[in-house]
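What follows is each chain in one-letter form.
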2 protein chains.
Amino acid sequence: MSYGDVMTSKAPRSARSVERRAEILRATLEVIAERGYRGASLAAVAERVGLTQQGLLHHFPTKEALLVAVMAERDQWDAMPATRLRLDLLDQLVEYNAMRPGIVQTFSALLGESVTEGHPAREFFTERYEAVRANMAQVLRADYGERLPSGLTPERAAPLLVAVMDGLQYQWLLAPESVDMPAAFRDFLTLLGEGPGVSGG
Amino acid sequence: MSYGDVMTSKAPRSARSVERRAEILRATLEVIAERGYRGASLAAVAERVGLTQQGLLHHFPTKEALLVAVMAERDQWDAMPATRLRLDLLDQLVEYNAMRPGIVQTFSALLGESVTEGHPAREFFTERYEAVRANMAQVLRADYGERLPSGLTPERAAPLLVAVMDGLQYQWLLAPESVDMPAAFRDFLTLLGEGPGVSGG
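Residues numbered from 1 in each chain as written. Chains lettered and ligands numbered in written order. Predicted model: local features only at pLDDT ≥ 70, side-chain atom pairs only at ≥ 80, totals over all residues. Heavy atoms only, no water.

As recorded by an unreviewed UniProt entry, chain A carries the name TetR/AcrR family transcriptional regulator and is attributed to Streptomyces liliifuscus.

This is the structure in structure tokens:
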């Protein structure tokens, strides 16, 4: 799940270093897609990108730092200006996510770790969710104005929208055969937008 | 988050061993409440219960096995017969969870780990969610019959109910000052039950 203008702050880097970093992130994405969260070791990424593990550590000091950078990069790629983001595009994002379980798994595992004491991904996720809730409120306001059909304000519906996306990912990752994530998400959009008696089918 | 009749299968054990196990689980709960997920080490639990770490390993071979047993035990304690469970009691469960961040943190961290390849908690969570979705469908059916006001069936609304509870926990753990978990969950119940124009305030 990714959307919005979330970005990690970065110290200035040389052009060569920026380029190398981008290569490493692409390689990590590939390794994640092929081998999942546990398979995405620093050793596997170093090998893919033609660096020694020592050389990789120069760019990313830990596996967590590397994965946080990948998630931040994905947020960049998936993002569109919040003013152009619409609810039906979120729907497409969920469909897209259902085709890349490795990334969703990595996101979900890292989110789980991030709530523990002093975890290196904690700050990233805390800031990310603050930004994502604000973006989702904007999206909901663009569709519904100051009140959703249920009477909720966009600010009160936003955390629910985000929670459903995240929560469905866990259920889907554990049982992809019995949880149809995109269909469930569309059901939630129905719930947000429709009144009683309107079928979601 | 816990509800329903979820239970891990257990091999027969002697009365002494069953008693010792229960003591260990109680001690683990205390350690979790005081020190959180990372602080709940096998060493800390062994010390609390007056066992050597070797002695503890006799009952629970890994930290993951111990924590899964604690979560299964919590499900037992929090559970009520699905026939007596009601939506408004879920609301109370969320309020109760908001007063025990250590447990919620442990649950959320373990859920995150469980989606990775071959994790020892994966089977527990997969079975748990299957049972929890079925229970929630029963609860929704008891309140709404075959169709919710939105037109969704209980079976289609159940995964959304579970997803919102889990997803809100992550947002709340990361930013307890800015996410009011019980209020957000009540907003979701409003969404489930109310039609357009009805204020959730």
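Take the pattern of salt bridges next. All names here are of chain A. This structure, assessed with the given rule, holds 22 salt bridges over all chains. Across the pair Arg-48 and Glu-30 runs a salt bridge, and its minimum N-O distance is 2.9 Å. Of this pair, Arg-48 sits in helix 2 (residues 42-49) while Glu-30 sits in helix 1 (residues 15-39); the two residues are 18 residues apart in sequence, bridging distant segments of the chain. By relative accessible area, Arg-48 is classed as partly exposed at 31%. (Salt bridge = Lys/Arg side-chain N within 4 Å of Asp/Glu carboxyl O. Helix = DSSP H or I, 4+ residues; strand = E, 2+ residues; numbered from the N terminus. Buried < 20%, exposed > 50% of the residue type's maximum accessible area, 1.4 Å probe, protein only.)

In this section: the environment of A:Ala46. Mapping A:Ala46 onto the fold places it in helix 2. Excluding anything up to four places from it in sequence, A:Ala46 contacts A:Leu51, A:Thr52, A:Gln53 and A:Leu56. (Contact = heavy atoms within 4.5 Å.)

Take the UniProt feature "DNA-binding region" (unreviewed entry) in chain A next. UniProt marks residues 41-60 of chain A with the feature "DNA-binding region" (unreviewed entry), using the numbering shown here. Across residues 41-60 of chain A one finds 75% helix and 0% strand; the C-alpha atoms that close the span lie 12 Å apart. (UniProt positions renumbered as here; feature names shortened; annotations may be inferred.)

A few words on the packing of helix 7 (residues 122-144) of chain A against helix 8 (residues 154-174) of chain B. At a minimum axis distance of 9 Å, the contact between helix 7 of chain A and helix 8 of chain B shows a crossing angle of 115°. By the criterion of interaxial angle, the relationship of helix 7 of chain A to helix 8 of chain B is roughly perpendicular. As helix 7 of chain A packs across helix 8 of chain B, the resulting crossing turns out to be left-handed. For the pair formed by helix 7 of chain A and helix 8 of chain B, the contact residues are A:Arg122, A:Phe125, A:Thr126, A:Tyr129 and A:Arg133 on the first element and B:Gln171, B:Leu173 and B:Leu174 on the second. Here the contact of helix 7 of chain A with helix 8 of chain B is built from residues that sort into 4 nonpolar, 2 polar and 2 charged. (Axes fitted to C-alpha atoms, helices over the stretch in contact; angles between N-to-C directions. Parallel < 35°, antiparallel > 145°, perpendicular 65-115°, else oblique. Left-handed = near helix turned anticlockwise from the far one by under 90°. Nonpolar A, V, L, I, M, F, W, Y, C, P; charged D, E, K, R; others polar.)

Time to look at the relation of the copies chain A and chain B. Note on the identical chains: chain A maps onto chain B by a rotation of 180° and an axial translation of 0.0 Å, with an RMSD of 0.0 Å. Those values place the two copies in the arrangement expected of a two-fold rotation axis. Here 100% of the contact residues of chain A are again contact residues in chain B; the copies associate through an equivalent surface. (Least-squares fit on C-alpha atoms with pLDDT ≥ 70 in both.)

Counting residues in each nonpolar core, the largest one holds 131 residues, and the members touching the most others are A:Leu161, A:Phe185, A:Phe188, B:Leu161, B:Phe185 and B:Phe188. Split by domain, this core shows at least three residues from each of two domains, domain 1 (11-78) and domain 2 (80-201) of chain B. Other than its neighbours up to four places away in sequence, B:Leu161 contacts B:Leu87, B:Leu90, B:Met136, B:Leu140, B:Phe185, B:Phe188, B:Leu189 and B:Leu192. (Core = buried A, V, L, I, M, F, W, Y, C linked by side-chain atoms within 4.5 Å. Domains from an automatic or database assignment.)

Looking now at the packing of aromatic side chains. Counting across every chain of the model gives 8 aromatic pairs over all chains. With a centroid separation of 6.4 Å and 25° between ring planes, the pair formed by A:Phe125 and A:Tyr129 is classed as stacked. Highlighted residues: A:Phe125 and A:Tyr129, both in helix 7, separated by 4 residues, approximately one helical turn. Comparing A:Phe125 with A:Tyr129 shows no difference in burial state: the two are buried. Every member of this aromatic cluster is reached through a ring pair, and the members are A:Phe107, A:Phe124, A:Phe125 and A:Tyr129. Lying across the ring of A:Tyr37, A:Lys63 places its NZ or CZ 4.6 Å from the centre. Cation over ring: B:Arg128 sits above B:Tyr129, and NZ or CZ is 5.6 Å from the ring centre. (Phe/Tyr/Trp six-rings, centres within 6.5 Å; stacked < 30°, edge-to-face > 60°. Lys NZ or Arg CZ within 6 Å of the ring centre and 35° of its normal.)

Moving on to the interface of chain A and chain B. The accessible area lost on association of the parts is a frequent measure of interface size. Taken together, the 52 residues of chain A in the interface contact 52 residues of chain B. Broken down residue by residue, the surface that chain A buries against chain B is led by A:Gln171, A:Leu174 and A:Leu191, which jointly contribute 17%. For the interface between chain A and chain B, the tally reads 2 salt bridges. A:Arg156 is paired through a salt bridge with B:Asp187; the nearest N and O atoms lie 2.5 Å apart. The tally of links between chain A and chain B comes to 15 residue pairs in polar contact (both at pLDDT 80 or more). Within the residue set of the side of chain A that touches chain B, elements represented by two or more residues are helix 1, helix 6 (101-114), helix 7, helix 8 (154-174) and helix 9 (181-193) of chain A. Ranked by residues supplied to the side of chain A that touches chain B, first place goes to helix 8 of chain A with 12 residues. Looking at side-chain class alone, the side of chain A that touches chain B contains 25 nonpolar, 19 polar and 8 charged residues. (Buried area = accessible area lost by both parts, 1.4 Å probe. Polar contact = N/O pair within 3.5 Å; in protein donor to acceptor, adjacent residues only side chain to side chain.)

Over its 21 residues, helix 8 of chain A extends 31 Å from the first C-alpha to the last, a length consistent with the 30 Å expected when each residue adds 1.5 Å. For helix 8 of chain A, the buried fraction is high: 19 of the 21 residues fall into the buried class. (Expected span 1.5 Å × (residues − 1).)

All right, on to the confidence of the model for chain A then. Residues and elements named next belong to chain A. Residues at a pLDDT of 70 or more form 87% of chain A, whose mean pLDDT is 88. Looking over chain A, one finds the lowest element-wise mean pLDDT in helix 4 (residues 63-78), namely 87, and the highest in helix 8, namely 98. Note on residues 1-9: pLDDT under 50 across the span, and 41 contacts to partners over four residues away in sequence or across chains. A low-confidence stretch, residues 195-201 stays under pLDDT 50, and its non-local contacts, those more than four residues away or across chains, total 19 contacts. (pLDDT = per-residue confidence, 0-100.)

With that settled, the discussion passes to the packing of helix 5 (residues 87-97) of chain A against helix 8 of chain A. Axes are the key here: two packed helices are described by the angle between their axes and the distance separating the axes. All names here are of chain A. It is the contact of helix 5 with helix 8, at a shortest axis distance of 12 Å, that shows an interaxial angle of 20°. The orientation of helix 5 with respect to helix 8, classified from their angle, is roughly parallel. Between helix 5 and helix 8 lies a crossing of right-handed hand. For the pair formed by helix 5 and helix 8, the contact residues are Leu-87, Leu-90, Val-94 and Asn-97 on the first element and Leu-161, Met-165, Gln-169 and Trp-172 on the second. Here the contact of helix 5 with helix 8 is composed, by residue class, of 6 nonpolar, 2 polar and no charged.

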